[in-house]
Amino acid sequence: MNQTIEEINKITNELAEPSIKLNDTLLKVQILSFKIKNSKLKEWVKNELNGYIGKEVPKYRKIPTGVFGNLEQERGMGNIATRNNCSLPIEYLEEILFMNLISLQITSSVSELEAIIADGGEYQINIPHVVHCEITKLLGNGWVVASAWQKFNSNNIEGVISSIKSNLLTFLLEVAEELGEEENINIMEHKNQIDNLFDKTIGSM
């Protein structure tokens with residue numbers, strides 16, 4: 001068995017082992033990406049390790065969110081009524097704004113995502129004040145949005161990690177099958193096939 005296949009086998013075994021952090025496994029994938037001279041894998045693993053800052057995220061990094069807020073109503077004489085942690089009626093917003101609110105693009109690195117999972121619980125991202133005003137227009141009886149946020153939990157992040165593992169595992173198994181177990185492999189002879197395998201697995205996420 002050649003060294004490249006041995007390395008792939010070690011990585012696939014790690015991907016199937018829950019106790020091993022994905023971040024540690026991806027560092028080995030980064031080394032492998034240079035050995036098999038695959039630029040697509042190099043770029044992908046770099047983004048997963050460092051985060052997708054300023055870049056479009058893959059589909060598997062877009063998670064569903066709930067939208068909640070605190071409401072206030074002026075009742076005169078300095079009296080203010082409040083409603084806290086209310087689900088907001090965003091379904092009546094313009095479509096583009098609505099779609100941006102019901103999902104969140106997760107740009108964080110894999111190590112940061114694994115830390116979120118380890119902590120557990122729920123998380124929230126504050127919504128800009130300009131959006132408060134748009135939601136307020138949908139409310140009646142003088143209610144206004146005092147604050148609003150998108151809410152998600154660690155289970156959503158677990159789904160992201162699971163997608164990465166599953167599709168990376170499929171890619172590596174198919175690469176191993178493509179390369180075979182001969183002692184000497186000319187990687188460049190398999191370059192186009194490996195690119196196609198990436199597009200079919202990781203690249204399709």
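This is a predicted model, so every value here is computed, not measured.

Draft legend 1. Structural context of the pairing of strand β2 (residues 66–74). Alternating positions in β2 separate cleanly, Val67, Gly69, Leu71 and Gln73 being buried on one face and Gly66, Phe68, Asn70, Glu72 and Glu74 remaining unburied on the opposite face. Across eight bridges, the pairing between β2 and strand β6 (residues 143–153) is antiparallel. Residue pairing in the sheet places Gly66 in a bridge with Lys151 of β6. Note: β2 against strand β3 (residues 80–87), six bridges, orientation antiparallel. If you follow Gln73 over to β3, its bridge partner there is Ala81.

Draft legend 2. Structural detail: helix α2 (residues 22–35). Helix length check: α2 (14 residues) gives 20 Å between terminal C-alpha atoms against 20 Å at 1.5 Å per residue, within 8%. Listing the buried residues of α2 in full gives Leu22, Asn23, Thr25, Leu26, Val29, Leu32 and Ser33. Along the axis of α2, the buried residues cluster in a sector spanning 155°; they form a single face. When the buried face of α2 is taken as reference, the exposed residues oriented beyond 90 degrees from it are Ile31 and Phe34. Summarising the contacts, the buried residues of α2 are in contact with α1 (3–15), α3 (39–50), α5 (110–119) and α7 (154–179). The first or second residue beyond α2 is Lys37, which carries a positive phi of 55°.

Draft legend 3. Region of the structure containing the sheet that holds β3. Taken in spatial order, the four strands make up an open sheet running β3-β2-β6-β5, and their pairing is antiparallel. Two strands in the sheet have a free side with no partner beyond their single neighbour: β3 and β5 (122–126). Within the sheet, the average angular offset between the axes of one strand and its neighbour, ignoring direction, is 25°. Pairing of β5 with β6, which is carried by five bridges, proceeds in the antiparallel orientation. Bridge pairing in β6 links Asn126 to Trp149.

Draft legend 4. Just the packing of α2 against α5, in detail. As a packed pair, α2 and α5 sit with axes 9 Å apart at the nearest point and diverge in direction by 160°. Between α2 and α5, the interaxial angle falls into the category roughly antiparallel. Considering how the two elements wind past one another, α2 and α5 form a crossing that is right-handed. Counted together, Leu22, Asn23 and Leu26 of α2 and Val110, Ser111 and Glu114 of α5 form the full contact between these two elements. Each residue belonging to the contact of α2 with α5 can be placed in one class, and the counts come to three nonpolar, two polar and one charged.

The rules we used
Residues numbered from 1 in each chain as written. Predicted model: local features only at pLDDT ≥ 70, side-chain atom pairs only at ≥ 80, totals over all residues. Heavy atoms only, no water. Buried < 20%, exposed > 50% of the residue type's maximum accessible area, 1.4 Å probe, protein only. Helix = DSSP H or I, 4+ residues; strand = E, 2+ residues; numbered from the N terminus. Pairing = 2+ DSSP bridges. Expected span 1.5 Å × (residues − 1). Arc of directions from axis to C-beta. Contact = heavy atoms within 4.5 Å. Axes fitted to C-alpha atoms, helices over the stretch in contact; angles between N-to-C directions. Parallel < 35°, antiparallel > 145°, perpendicular 65-115°, else oblique. Left-handed = near helix turned anticlockwise from the far one by under 90°. Nonpolar A, V, L, I, M, F, W, Y, C, P; charged D, E, K, R; others polar.

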